[in-house]
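# A structural walkthrough
Spelled out, the chains give:
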Amino acid sequence: MNDRLREVVVLGGGSAGWLVAGLLAAEHPDLRITLIESTDVPTIGVGEGTWPSMRDTLRRIGLSEPEFIRRCQVSFKQGSRFDGWARGGAGSDGDRYYHPFMLPVGYGDVDLVQPWLATQGQRPFADVVSPSVQVCEAGRAPKQVQTPDFAAVANYAYHFDAGLFGQMLREHAVAKLGVHHVIDHVEAVLSFENGDIAALRTREHGEIKADLFIDCSGLTSRLIGQHFGVPLKSEREALFNDAALPVQVPYATPDAPLASVTVATAWAKGWIWDIGLPSRRGVGCVYSRDHASDDEAHAALTAYLDATGAPAERPTPRSIRFDPGYREQFWVRNCVAIGLASGFIEPLEASALALVELSAQRLCDELPMTRASMEAVARRFNDDFSYRWARVIDFLKLHYALSQRDDSDYWRAHRDPATWPERLRELLPQWQMRAPARHDFGRIDEVFPSASYQYVLYGMGFRPDAESLPAAKLQAAQACFDEAARQARRFVPGLPGHRSLLDHIHKTET
Ligand SMILES: Cc1cc2nc3c(=O)[nH]c(=O)nc-3n(C[C@H](O)[C@H](O)[C@H](O)COP(=O)(O)OP(=O)(O)OC[C@H]3O[C@@H](n4cnc5c(N)ncnc54)[C@H](O)[C@@H]3O)c2cc1C
């Protein structure tokens, strides 16, 4: 690599490749960025649930929010709802909880958990500490017509059509940000003597050189996995799911209610996601092939679609297999892996695109401008992202570890502490005595804050040991509960319906 970083090649034109290329081009206009994608290797095309961080990412790339909403079949996502995870009742017996994006009122300043238990423990935790559940259940949008682009009344992310999203990112990156787009298949990787990648040899465009290579080649992990041989750290022991059957289905009627949460419904050997876009639903069954056959998963998906009113005429679900885990290193020499090339764990809580955003932002913020400065940046990148993947695994496992379901070996194995990550084994007994707190998660930019742990812990029915509370503590918490209730009373009538806000945005095309 020349002394100064000038040329970057992004290998892969899925959501990861275009997000990275877009962000790099927007924030480093002096770089020459080339994105290579192959027509022989399709994109995965199923990542349709995001985190609120996506608002900032799109803004940084320079996209217009209303245009994005109009072009990508966008709906607003205010969190996730979990049906049937604690006892298997799928909602009818109250086995349902929310993990909203809104933090509890008073979060970090006031201890809410013991006062909630002492005064209103019969009501779900999320309902008491935030207005979000009421907003979602009333079918409200998270903002008003006049709320500025990317700003929120209630915190929100997006659901979107992954294919349309990739297309929009590509057009923007090429036309507005000057990214060079090469459609070709990479057949070989050429190296310098020191092991750095010198160029990628393509079928028709010859050798494409660069100083830095970003591997966004999806599950094939063409550079970090195949070329550098960095092993995948398997997480199968903790998170067994390794297959998915996604399908897109229309609504029974065009004006059917549009959920503004991702609904995750547990079944005997896995779970089913349900993402509502304005004109269709994206539904998929996630399962472990060690515990369920493909036919069983197919039958569970069919039963769910029947029960939720999907029309009988349906496309055949695709079949996706994956190895749950992440690479032992993400940045090797002059190559960084981002997206599926760096790892994948089941889509519960939709953390994959959020990790892509975090990786792309880190790359932009700390871009090493010379080869000599790359090693130190790479070391920190590897440490930080190994830490983040490990925290994602802890948090996802929490959803399973506390389940009381006893209808299969799948749930019994998830409950077995031998399958829990070490940190979760250490923290759960502590949370028996106190609530998850900020100091349990030491970094400022933790992927899941302690508030997320509280929502899932108490949503799953976990209860800390009761303690008698001083009046001052109760009073401070009660003020927060009152404020959450006041916000709910204001937001529910004051916010437009979810569909009606989207219709308005579609109609106001300029
Ligand atoms: C079942 C499932 C559900 C998911 N749900 C969510 C969700 O709700 N939320 C979320 O955040 N994430 C989700 N994800 C993850 C999400 O889909 C991905 O993180 C995201 O789409 C990024 O994928 P990618 O760009 O890394 O890979 P891909 O989309 O697979 O793109 C790979 C690219 O590399 C190119 N390529 C590969 N090899 C070569 C070669 N030799 N030469 C040239 N080009 C090459 C391909 O042509 C393609 O363009 C889900 C994943 C799965 C499997």
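Computed from a predicted structure; not experimentally measured.

## Observations concerning the sheet that holds strand 21 (residues 343–344)
Strands pair in a sheet through their backbones, by hydrogen bonds, and they do so in one of two ways: parallel or antiparallel. The strand order across the open sheet formed by three strands is 12-18-21, and the pairing between neighbours is antiparallel. The open sheet has two free edges, formed respectively by strand 12 (232–234) and strand 21, since each of these has just one partner strand. Note that strand 12 and strand 18 (residues 325–327) share three bridges and pair antiparallel. Bridge pairing links serine 234 to glycine 325 in strand 18.

## Considerations on the site of the ligand
Taken together, 39 residues surround the ligand, and among them Gly12, Gly14, Gly47, Gly218 and Gly339 come closest. Secondary-structure elements contributing two or more residues to the shell around the ligand are helix 1 (15–27), strand 2 (32–37), strand 13 (243–249) and helix 10 (352–365). Split by residue class, the shell around the ligand holds 20 nonpolar, 16 polar and three charged.

## Notes on unusual backbone geometry
Phi at serine 221 takes a positive value of approximately 45°, unusual for a residue other than glycine. Counting through the fold element by element, serine 221 comes out in the loop between strand 11 (212–215) and helix 8 (222–227). For serine 221, a count of 23 C-beta atoms within 10 Å corresponds to the buried category. With phi around 50°, arginine 333 is a residue other than glycine that occupies positive phi space.

## Focus on helix 15 (residues 471–494)
In a regular helix each residue adds 1.5 Å, so 24 residues correspond to 34 Å; helix 15 covers 34 Å between its end C-alpha atoms and thus fits that length. Within helix 15 the residues assigned to the buried category are Ala477, Cys480, Phe481, Ala484, Gln487 and Ala488.

## Digging into the sheet that holds strand 1 (residues 7–11)
Taken together, six strands build an open sheet; the order of strands is 7-2-1-11-20-19 and the sheet is mixed. Taken across any chain shown, the strands that pair with only one partner, and hence form the sheet edges, are strand 7 (180–183) and strand 19 (331–332). Pairing of strand 2 with strand 7 involves four bridges; the strand directions are parallel. If you follow isoleucine 36 over to strand 7, its bridge partner there is valine 182.

How each quantity is defined
Residues numbered from 1 in each chain as written. Predicted model: local features only at pLDDT ≥ 70, side-chain atom pairs only at ≥ 80, totals over all residues. Pairing = 2+ DSSP bridges. Helix = DSSP H or I, 4+ residues; strand = E, 2+ residues; numbered from the N terminus. Near = placed C-beta within 6 Å. Nonpolar A, V, L, I, M, F, W, Y, C, P; charged D, E, K, R; others polar. Buried ≥ 20, exposed ≤ 12 C-beta atoms within 10 Å, placed from the backbone. Expected span 1.5 Å × (residues − 1).

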